[in-house]
2 protein chains.
Amino acid sequence: MKLSEGVEQGLHCALLLAEAPAGVPLPRRVLAEHYGLPEAYLAKHLQALTRAGLLRATPGPSGGFRLARPADEITVLDVLEAIDGPASPFVCQEIRQQGTGAARPEECTRPCAIATVMVGAHQAWRESLRAVTLDQLVKRVPQTLRKRNRAKFGSDPAA
Amino acid sequence: MKLSEGVEQGLHCALLLAEAPAGVPLPRRVLAEHYGLPEAYLAKHLQALTRAGLLRATPGPSGGFRLARPADEITVLDVLEAIDGPASPFVCQEIRQQGTGAARPEECTRPCAIATVMVGAHQAWRESLRAVTLDQLVKRVPQTLRKRNRAKFGSDPAA
DNA sequence: GGGTCGTAGATACTGTATATCCACGTTAGA
DNA sequence: TCTAACGTGGATATACAGTATCTACGACCC
Ligand code: SF4
Ligand code: SF4
């Protein structure tokens, strides 16, 4: 079981966009260079985030990506599921209905205990990620680093 | 992100062993046929469970696999991590220290916020699985099915 | 109004990890 | 001693994450 590497890239980029002033879109090239990431691969994830309605993309010169909503309305879970998909890592193979010891259909009317446990665990995982917003993450970024980023991307709100 | 298919197979087999009477080992061939699973592949997972100390394997004629401890001392998490490994699905790539916007080492003394959130989610997931034992799962198996299994594997405790 | 550049978007290809299978060696019982 | 079970290693097939490339669109400049 391994989470796509794109999730971390997407989270970092979303976090950086949350740090930057609202009106200034950052092009994917800038994002890629800022973190030393392969630009083509990052493009795929930024598209996924855009399709999910988390980012807003504007083409043309001086275009780029920016958050589609306030940073306190975007959760870590939103970003993760936009990139990695909402599916549960546990996929049922209906083992109980196969082989010589197969259960009869009338014994499978209710979801089996194993599947129930796995669904519960997945929900616990999701809840834990849903509880944190980008806004909360920004506040934990070291002050010195935040200051440098603001200087880099033009912190002047009177644009 | 996808969980290994072997996890479900391992869980079903462990559950069946928990249903069967304690002293009777079941050979892997019987387990495989009971659920219609590829025997060679199942062998790999049963070995993993044995190495983890959850099952006890006895070679030779009338040998097979049985639980190494009582069913109420084996959790779903035990089985899952024995087969799929204990690693967190989120692997850190240290993105923050790369690229033109790299953070300085003195800004990375504490684990970053993103990693913290992911670790927390993983722990929530594990706790949810640790809370359920094989014994509890057995009680949720339909009575008719349980009866059939006992009849099949010899329920006589006076062996 | 037309040309040009810089952006996102879509598509095709490659590499790696997972799932499956097989063949041999080892151990314990009859 | 022969048989039936587990143990181990490696070869093969396949699915998916990761990579590179090409196309379409919109703003800006002339
Ligand atoms: S529903 Fe339960 S019994 Fe059926 S295949 Fe899934 S885990 Fe196994
Ligand atoms: S520790 Fe945090 S900042 Fe560093 S690579 Fe991991 S998620 Fe990113």
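Residues numbered from 1 in each chain as written. Chains lettered and ligands numbered in written order. Predicted model: local features only at pLDDT ≥ 70, side-chain atom pairs only at ≥ 80, totals over all residues. Heavy atoms only, no water.

A. The interface of chain B and chain A, seen in detail. Of the residues lining the interface, 53 residues belong to chain B; the matching set on chain A comes to 53 residues. Carbon and sulfur atoms make up 64% of the area that chain B and chain A hide from each other, which totals about 4900 Å². Contact with chain A buries surface across chain B, with Met1, Glu8 and Ile95 of chain B losing the most and accounting together for 16% of the total. In this structure, the connection of chain B to chain A is made through two salt bridges. As a salt-bridge pair, Arg148 of chain B and Glu107 of chain A come within 2.6 Å of each other at their nearest N and O atoms. Run the count over chain B and chain A and you get 22 residue pairs in polar contact (both at pLDDT 80 or more). Sorting the residues of the side of chain B that touches chain A by element identifies α1 (5-19), α2 (28-35), α4 (76-84), α5 (113-130) and α7 (143-153) of chain B as the ones contributing at least two each. (Contact = heavy atoms within 4.5 Å. Buried area = accessible area lost by both parts, 1.4 Å probe. Salt bridge = Lys/Arg side-chain N within 4 Å of Asp/Glu carboxyl O. Polar contact = N/O pair within 3.5 Å; in protein donor to acceptor, adjacent residues only side chain to side chain. Helix = DSSP H or I, 4+ residues; strand = E, 2+ residues; numbered from the N terminus.)

B. Examining the protein's contact with DNA strand C more closely. Close to DNA strand C lie 19 residues; Arg28 and Phe65 of chain A together with Ser4, Pro38 and Tyr41 of chain B are nearest. When the atoms of DNA strand C within 4 Å of the protein are grouped by moiety, sugar and phosphate amount to 67% of the total. One of the side-chain N or O atoms of Tyr41 of chain B is found 3.5 Å from a sugar or linking oxygen in DNA strand C. With respect to DNA strand C, the side chain of Lys44 of chain B contributes an N or O atom lying 3.3 Å from a base oxygen. Of all the secondary structure elements, the ones that give two or more residues to the surface near DNA strand C are α3 (39-51), β1 (55-58) and β2 (64-67) of chain A together with α3 (39-51) of chain B. The dominant element in the surface near DNA strand C, judged by the number of residues it contributes, is α3 of chain B, at three residues. (Near = heavy atom within 4 Å.)

C. Local environment of the site of ligand 2. The environment of ligand 2 is formed by Glu8 and His12 of chain A together with Cys92, Gln93, Glu94, Ile95, Arg96, Cys112, Ile114 and Ala115 of chain B. Close to ligand 2, residues of chains A and B are found. Looking at the shell around ligand 2, the elements that each hand over two or more residues are α1 (5-19) of chain A together with α5 of chain B.

D. Main features of the site of ligand 1. As a structural note, the neighbourhood of ligand 1 is formed by Cys92, Gln93, Glu94, Ile95, Arg96, Cys112, Ile114 and Ala115 of chain A together with Glu8 and His12 of chain B. With respect to ligand 1, its neighbouring residues span chains A and B. Put simply, the parts of the chain that give the shell around ligand 1 at least two residues each are α5 (113-130) of chain A together with α1 of chain B.

E. Highlighting the protein's contact with DNA strand D. Looking at DNA strand D, there are 21 residues lining it, with Ser4, Glu5 and Tyr41 of chain A together with Arg28 and Gln47 of chain B nearest. For DNA strand D, the fraction of atoms within 4 Å of the protein that belong to sugar or phosphate moieties is 59%. Here a phosphate oxygen of DNA strand D sits 3.0 Å away from a polar atom, N or O, in the side chain of Ser4 of chain A. Within the residue set of the surface near DNA strand D, elements represented by two or more residues are α3 of chain A together with α3, β1 (55-58) and β2 (64-67) of chain B.

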